[in-house]
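Architecture at a glance
Listed here are the chains, written in short residue letters.
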Amino acid sequence: MMSIIWPILVIVVTVFGVLGVAAVSTMLERRLLGVFQDRPGPNRVGPFGLFQVIADAMKMLFKQDWIPPFADKPVFLIAPIIGFLAVLLCFGVVPITPIWSVAGNLNVGLLFIFGMLGLGVYSVVLAGWSSNNKYALLGGMRAAAQMISYEVFMGLSVMGVVMAAGSFSIRDIVDAQTNCWFIIPQFLGAVIFFLAGVAETHRLPFDFPEGENEIGAGFHTEYSGMKFGMFYLAEYAGVALSSALVTTLYLGGWHGPLLPPFLWFAIKVFLLICFYILLRAALPRPRYDQLMSFGWKVLLPLSLLNILVTGAVVLLRAGV
Amino acid sequence: MSEVFDNSRAAGAGTGSMGAAVAAFPPHMLMMEEATRDGVPTFWVSRGQIRAVLQAVKAGGALRMLLDLTCVDERQRIHRDGLPASDFTVIYHIQSFDGPIDEVRFKVPLAADDANIASITDIWPNSNWLEREAWDLFGVVFEGHPHLSRILTPPTWVGHPLRKDHYARATERPPYTLSEDQVFDEQEALRFDPESWGMKRHSDNSDFMFLNLGPNHPSVHGVFRVVLQLEGEFIVDAVPDIGFHHRGAEKMAERQTWHSYIPYTDRIDYVGGVMNNFPYVMGVEKLAGITVPPRAQLIRIMLAEFFRISSHLVFYGTMVQDLGQLSPVFYIFTDRERVFEIIEKICGFRMHPAFFRIGGVAMDLPEGWDGEVRAFLDYLPKRLDEYNELVMKNPIFKARTKGVGVYNTEEAIDWGVTGPGLRATGLEWDYRRKAPYSGYDQIDFDIPTAVNGDCYDRAAVHIEEIRQSLRIIRYCLDNMPGGPYKAEHPLAVPPPKPRTMHDIETLIHHFVGVSWGPVIPQGEVRSCIEATKGLNQYYLVSDGGSMSYRTRIRTPSFIHLQQLPMLSRGTMIADLIAIIGSIDFVMADVDR
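Residues numbered from 1 in each chain as written. Chains lettered and ligands numbered in written order. Predicted model: local features only at pLDDT ≥ 70, side-chain atom pairs only at ≥ 80, totals over all residues. Heavy atoms only, no water.

Comments concerning the pairing of strand β3 (residues 64-73) of chain B
Residues and elements named next belong to chain B. Counted only if it meets this: Partly exposed residues are those whose accessible area sits between 20% and 50% of the maximum for their type, while under 20% is buried and over 50% is exposed, using a 1.4 Å probe and protein chains only. Helix and strand labels come from DSSP, where a helix needs a run of H or I of at least four residues and a strand needs a run of E of at least two; each type is numbered from the N terminus. Each pair of strands is called paired provided DSSP finds at least two bridges between the two strands.
Counting buried positions along β3 yields 10 of 10 residues, so the element is predominantly enclosed. Here β3 runs beside strand β4 (residues 88-96); their pairing, made up of nine bridges, is antiparallel. Bridge pairing in β4 places Met65 opposite Gln95.

Put into structure tokens, the structure is as follows:
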């Protein structure tokens, strides 16, 4: 009996946990931006403005669910769902603590994540295409080019970790960091992985698919109500996922002295989310082609170099 | 300090000036020379000769700019003795930017039933919009113009608003209605037709996308529409569409007294505040022969420089925001708030104080003003240093702005670019220095310039100008003279109250001055200043009435925006946003 209830409990709690984190991140972002920008931020609803999250959720739920008459209706509907589900499914293979994960032991965990992230691109591209709006189309085009290329560097940058741990299972990767976090031997890989993560979640400074100063709201120009809410939540869930992955792959996951594993995991993820927000507050947006050439001309050779060096070290060690 | 500062003295037909050169033209080219109040050499030219004359003027020297092109409906004018018969007079104002200020003005008389004149778009490219404007507002046809269409009024407009027989107020019309059919027609009229602009819909290997950027877009700084012809994200061509903010400021001037028009000028460049009052009141003062006391002059300079700082801060913050950096605009607007606090304490208003008066300013400086100003002078430079680290040294900011939107000095002159946009090309030219007005010649300040004329340089020049404005304000703070803040002149202030009850003359003057407003002697004058964004020139024609006969407002934003297609061709959408940010325009200033 327990063998059935426990996994279901884990799944349900994880899903709602992720949704909760995504929702609270929206609030955290606005308050932190307020701090960075010398202004209060939303502080009217509830104590410290904490109920703003609920107010926002209510607003999104009750807004008119408008589908533009010129849009491709089925695709327009399905696009946000794809994006949202792809991010949620990724969390399935992230081990949060030694005892808490939906499928953290999956032996191809990392590959599963890359598969899901690949699917996530469809969400943005289809949204941009089906909206039948020129701004959305430009956003979708940018998204396709940006996310596909950054997936390449993301995949390559993480190979160093895979080689060092000798496994695609994220659980094994975390276990391999008991003594030394991978951020020390794999520093280059960690930086590239983080940058690619920013590009994957299309957050400032890499928010080209929606770059509001240039193309209005980009791929979700025509979206409103809960369908926009799904893009919005997926973005923050994506930030949480990217932070969780950096934590598990490079920062030792739940490992840490004194505090219980879950707290260590939560602290690391929280700090990374804050860093994401700081990036948004601090940096201007490069031009779209500059980002692409930065990726192909700088990040690609660097991640290949990283693989080469890591492979050599692994082989040397194995040879001894 | 008692010296009278007058910005007309540099003009006039000195030897070697453009005016002298024109006066020496063969007699068949010129009809006559007219003496104007501002001393700018003014020549009447027949429409058959105007192209030849302008070509000769342009070829006569380097860096000659078509500063302004406008029109006057002369049909109701009383005082024009000895001038050639004319219903519509087209006016060309040429200014040289080579050395000290040197200007010349040409007038071409046209008959109402034959209001045609040859276009000069091939001589000065910036005459394009100016001619469209003159056609739109006066109905003067410029033959050979590449696209003579309405520019400030909607394409569906009937009539030419600045003609004297066009109504000025909505109350002169039947009540306005808007039927559904009309709405549809108005919208259809805004549909972009690439063929009419000579654009193709396809290239050899792809279809172009026509993207309607604006009039509601986060980065176009107001209601500005630009239609982009795109190949992928690259801009093949761009067609700016303006006029959404047009409110007929020039027409309003013809039904407001000289005095009550001052608050309207505040709102022309709405981030420039009293900077807009400056050329207007100086023009009226010149017409009326009023000498402004030194204290008022320095108060004016100080407030104008505060508004320059305020305007440049808005430029800085919004330009950076356009490039995706979200935070600096908040810090910068906090600084701007400090500026407004000071302005509010002095003027009683924040953005549009209308503080300048004919003959001086509205009131004296309040007690303790100097403390606030001094604190601000110490505060801002540190903040600017911080923004320098945050923005100007940021590699992403540099990558987005360096080498983007480049033009050189010659192109700038051809397109009528003045102000920081001109100085960023390396030309050290500032009206405050070349033709000092209101006492700028006593103040020591530098003219910041840059080399490359790209978006980065324009931003850098703006920032350095903020520092120079601080220097000017510090001078005003340390050297503020005593004395009256308003000229003792019958056209500027009412007669002294104690005397009104004793003699009938004073009483009548008081009555007329207060109920009609001052009657300004007839004449015409141009009055130009170095405004926040470039040269802002008012061309005032008085027909000896209590209201202006014609008020022409030459705003830098209108002229500068015109070069957008040239700058954006071949760039990407993101570059266009950087260029728009760096041009520093305000739509209210463009459309008037």
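Details of the side chain of Thr14(A)
Residues and elements named next belong to chain A. To keep things clear, this is the line we draw: Note on contacts: a residue pair is in contact if any heavy atoms of the two residues lie within 4.5 Å.
Along the chain, the position of Thr14 falls in helix α1 (residues 2-36). Thr14 gets classed as buried once you look at its relative accessible area, which sits at 8%. Those residues within four positions of Thr14 in sequence are excluded, and the remaining contacts are Ile96, Trp100 and Val102.

Side note on a negative patch on the surface
Applicable threshold: Every patch collects residues that have over 30% relative accessible area and no salt bridge, joining them within 9 Å if they carry like charges and within 5 Å if they are nonpolar side chains (Val, Leu, Ile, Met, Phe, Trp, Tyr). Here the Shrake-Rupley method, with its probe set to 1.4 Å, supplies the accessible areas, and only the displayed protein chains count as covering residues. What makes a salt bridge here is a side-chain nitrogen of Lys or Arg within 4 Å of a carboxyl oxygen of Asp or Glu, nothing more. Only four residue types enter the charge count: Lys and Arg as positive, Asp and Glu as negative, with His and the chain ends excluded. Taken as the charge centre is NZ of Lys, CZ of Arg, CG of Asp or CD of Glu, depending on the residue.
Taken together, Glu180(B), Asp181(B), Asp185(B) and Glu186(B) make up a surface patch of like negative charges. The residue Glu180(B) is located in helix α4 (residues 180-189) in this model.

With respect to the packing of aromatic side chains
All names here are of chain B. For the record, the criterion: We call Phe, Tyr and Trp rings a pair once their centres come within 6.5 Å, taking the six-membered ring for Trp, and we label the pair stacked below 30 degrees between planes, edge-to-face above 60, and tilted otherwise.
Inspection of every chain in the model, using the stated rule, returns 30 aromatic pairs over all chains. Their ring planes at 45° and their centres at 5.9 Å tell us that Phe192 and Phe210 sit as a pair that is tilted. On the criterion of sequence distance, the pair formed by Phe192 in the loop between α4 and β8 (209-213) and Phe210 in strand β8 is long-range, its members being 18 residues apart. Overall, the relative accessible area of 12% leaves Phe210 in the buried class.

Quick word on the interface of chain A and chain B
Interfaces are often described in size by the accessible area the parts lose on coming together. Filter applied, for reference: The term buried area denotes the loss of accessible surface (1.4 Å probe radius) that occurs when two parts are joined, taken as the sum for both partners. Nitrogen and oxygen atoms within 3.5 Å of one another constitute a polar contact, given that in protein one can donate a hydrogen and the other can accept it, and given that sequence-neighbouring residues count only through two side-chain atoms. Under the scheme applied here, ten amino acids are nonpolar (Ala, Val, Leu, Ile, Met, Phe, Trp, Tyr, Cys and Pro), four are charged (Asp, Glu, Lys and Arg), and all others, including Gly, are polar.
In this complex, chain A contributes 26 residues to the contact, which on the side of chain B involves 32 residues. Across the chain A to chain B interface the summed buried area is about 2,600 Å²; carbon plus sulfur atoms make up 57%. Summed over the three residues of chain A that lose the most area to chain B, namely Asn213(A), Pro284(A) and Arg287(A), the buried surface amounts to 24% of that side. With a closest N to O distance of 2.3 Å, Arg142(A) and Glu233(B) form a salt bridge. Where chain A meets chain B, there are 11 residue pairs in polar contact (both at pLDDT 80 or more). For the side of chain A that touches chain B, the secondary structure elements donating two or more residues are α5 (134-165), α8 (212-215), α10 (261-282) and α11 (288-319) of chain A. Ranked by residue count, the leading element in the side of chain A that touches chain B is α5(A), at five residues. Taken together, the residues that form the side of chain A that touches chain B break down as 12 nonpolar, four polar and 10 charged.

Things to note about the side chain of Glu131(B)
Residues and elements named next belong to chain B. Following the sequence through the fold, Glu131 ends up in helix α3 (residues 127-138). The charged side chain of Glu131 is buried without a salt bridge, its nearest counter-charge being Arg51 at 7.2 Å. When neighbours within four sequence positions are excluded, Glu131 is seen to be in contact with Leu69, Ser119, Ile120, Thr121, Phe142, His145 and Leu148.

A word on the UniProt feature "domain: NADH-quinone oxidoreductase subunit D" (unreviewed entry) in chain B
Stated formally: UniProt positions are given in the numbering used here, feature names are shortened, and annotations may be inferred rather than shown by experiment.
When the UniProt feature table is mapped onto this chain numbering, "domain: NADH-quinone oxidoreductase subunit D" (unreviewed entry) sits at residues 322-592 of chain B. A distance of 24 Å separates the end C-alpha atoms of residues 322-592 of chain B, which is 49% helix and 9% strand.

Focus: the nonpolar core
How we decide: In plain words, nonpolar cores are sets of buried Ala, Val, Leu, Ile, Met, Phe, Trp, Tyr and Cys residues tied together by side-chain atoms within 4.5 Å. By convention here, the domain bounds are inherited from an automatic or database domain assignment.
Counting 165 residues, the largest nonpolar core has Val90(B), Tyr92(B), Phe106(B), Val140(B), Phe224(B) and Ile242(B) as its most contacted members. Element by element, the count of residues in this core is highest for helix α8 (residues 294-322) of chain B, at 14 residues. Each of domain 1 (18-151) and domain 2 (263-556) of chain B gives at least three residues to this core. With residues near it in sequence (within four places) discarded, Phe224(B) still touches Leu213(B), Gly214(B), Pro215(B), Pro240(B), Asp241(B), Ile242(B), Leu561(B), Leu564(B), Ile580(B), Phe585(B) and Met587(B). One finds Leu88(A), Leu117(A), Ala190(A) and Met230(A) within the second-largest nonpolar core, a separate group that totals 68 residues.

Remarks on the UniProt feature "transmembrane region" (unreviewed entry) in chain A
All names here are of chain A. Residues given the UniProt feature "transmembrane region" (unreviewed entry) here are residues 5-25, 74-96, 108-129, 150-170, 182-199, 230-250, 262-282 and 294-316. Helix makes up 74% of residues 74-96 and strand 0%, whereas the separation of the span's terminal C-alpha atoms amounts to 36 Å. Along residues 230-250 the backbone is 100% helical and 0% strand, and the end-to-end C-alpha distance reaches 29 Å.

Some words on the domain arrangement of chain B
Residues and elements named next belong to chain B. What the domain assignment lists for chain B is domain 1 (18-151) and domain 2 (263-556). Each of domain 1 and domain 2 has a C-alpha centre, and these two points are 28 Å apart. Taken residue by residue, the interface counts 38 residues in domain 1 and 33 residues in domain 2. On the domain 1 side of the interface with domain 2, the three residues burying the most area are Arg37, Arg77 and Phe97, jointly 23% of the side's total. Counting the contacts that link domain 1 with domain 2 gives seven salt bridges. With a closest N to O distance of 2.7 Å, Asp68 and Arg552 form a salt bridge. Counting every contact that joins domain 1 to domain 2 gives 18 residue pairs in polar contact (both at pLDDT 80 or more). The biggest single contributor to the side of domain 1 that touches domain 2 is β3, with nine residues. Looking at the side of domain 1 that touches domain 2, its residues break down into 15 nonpolar, nine polar and 14 charged.

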